[in-house]
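Residue-level listing of the chains:
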Amino acid sequence: MRVLAVVRPDALAQPGGDVVHANHALAAVRALGTEVDVAATARPDAAGYDLAHVFGIFEPATARSQIAAIRASGTPLVLSPIWLDLRPFLTIAPAVERALESRDPRKRLLKLRDNEATLVRKGRHARAAERRLTMQRDCMLAADVVLPASNIEAYLYAERLGAGRVPFVVAPLGVDDAPFARAISGERAGILCAARIEPKKNQAALLY
């Protein structure tokens, strides 16, 4: 059996959790005797493969392009969405950034807390977030099988993305937990933030 694993085009230059998961998953598949090739591209050529496996719909435009190319070849498609509902981040983060840059961050953040529910539902950022969810829903519906990391995640696919009719098999995320074991051994104090430095990980607000 030949499998084509498809990751985002910049996966090698900018590795992240999705790449860690893909590497662990592919190692497990290879251990079963399956031949696996990896394509880091927005337009993979899946012709001649028995199966194509796309990792991630967090960049929906890229995922849509990958899936369209695979569908054009007629190759069966498995999807590991690695998905989170980022509406709170996409709608509230711009306001948090402005608050932290202001002369009185505490006052601005308290005001933001009172308006948080409105920001998620209204405004141009909310509309952009909804368009993003629509693209992600289309990606999910195009898959033959979806691999959520848990039953809860599968529920969220149905409840928030409307993709409950797509067959799914729970596949826990592949991770490397050795660094965490070292970090939490012995005496410790404070907060451990294990993430790339980026707005989505909320480090600025955490430091504040």
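What you are looking at is a predicted structure, and each value in this text was computed from that prediction instead of being measured.

**Quick look at the overall build of the protein**
Then, in step 1: Secondary structure assignment for the protein yields 8 helices and 5 strands.
Then, in step 2: In the protein, the succession of α and β elements from N to C terminus is β-α-β-β-α-β-α-α-α-β-α-α-α.
Then, in step 3: Seen along its three principal axes, the alpha-carbon backbone of the protein occupies a region of about 60 × 45 × 30 Å.
Then, in step 4: Of all intrachain contacts in the protein linking residues separated by at least 6 positions in sequence, the fraction that spans at least 24 positions is 69%.
Then, in step 5: Surface summary for the protein: the accessible area is close to 12,600 Å², and the carbon and sulfur share equals 56%.

**With respect to the pattern of salt bridges**
Then, in step 1: Counting across every chain of the model gives 10 salt bridges.
Then, in step 2: Residues Arg 2 and Asp 37 are paired through a salt bridge, measuring 3.4 Å at the closest nitrogen-oxygen approach. Of the two residues, Arg 2 sits in strand β1 (residues 2-7) while Asp 37 sits in strand β2 (residues 35-40), which places them 35 residues apart along the sequence.
Then, in step 3: Looking at Arg 2, the relative accessible area reads 28%, which means it is partly exposed.
Then, in step 4: By sharing partners, the salt bridges in this structure join Asp 85, Arg 87, Glu 130, Glu 159 and Arg 160 into a single network.

**Points about the nonpolar core**
Then, in step 1: Counting residues in hydrophobic clusters, the biggest one holds 23 residues, and the most contacted among them are Val 54, Ile 57, Ile 70, Met 140 and Leu 161.
Then, in step 2: Among the elements of the structure, β1, β3 (51-55), α2 (60-73), β4 (77-80), α5 (124-141) and α6 (151-161) are those that each provide at least two residues to this core.
Then, in step 3: Setting aside anything within four residues of it in sequence, one finds Leu 161 in contact with Trp 83, Leu 133, Gln 136, Arg 137, Met 140 and Leu 156.
Then, in step 4: One finds Val 3, Ala 22, Leu 26 and Phe 55 within the second-largest nonpolar core, a separate group that totals 12 residues.

Conventions used here
- Residues numbered from 1 in each chain as written.
- Predicted model: local features only at pLDDT ≥ 70, side-chain atom pairs only at ≥ 80, totals over all residues.
- Heavy atoms only, no water.
- Helix = DSSP H or I, 4+ residues; strand = E, 2+ residues; numbered from the N terminus.
- Contact = heavy atoms within 4.5 Å.
- Areas by Shrake-Rupley, 256 points an atom, 1.4 Å probe, with all protein chains shown as cover.
- Salt bridge = Lys/Arg side-chain N within 4 Å of Asp/Glu carboxyl O.
- Buried < 20%, exposed > 50% of the residue type's maximum accessible area, 1.4 Å probe, protein only.
- Core = buried A, V, L, I, M, F, W, Y, C linked by side-chain atoms within 4.5 Å.

Coordinates in, geometry out; function isn't part of it.
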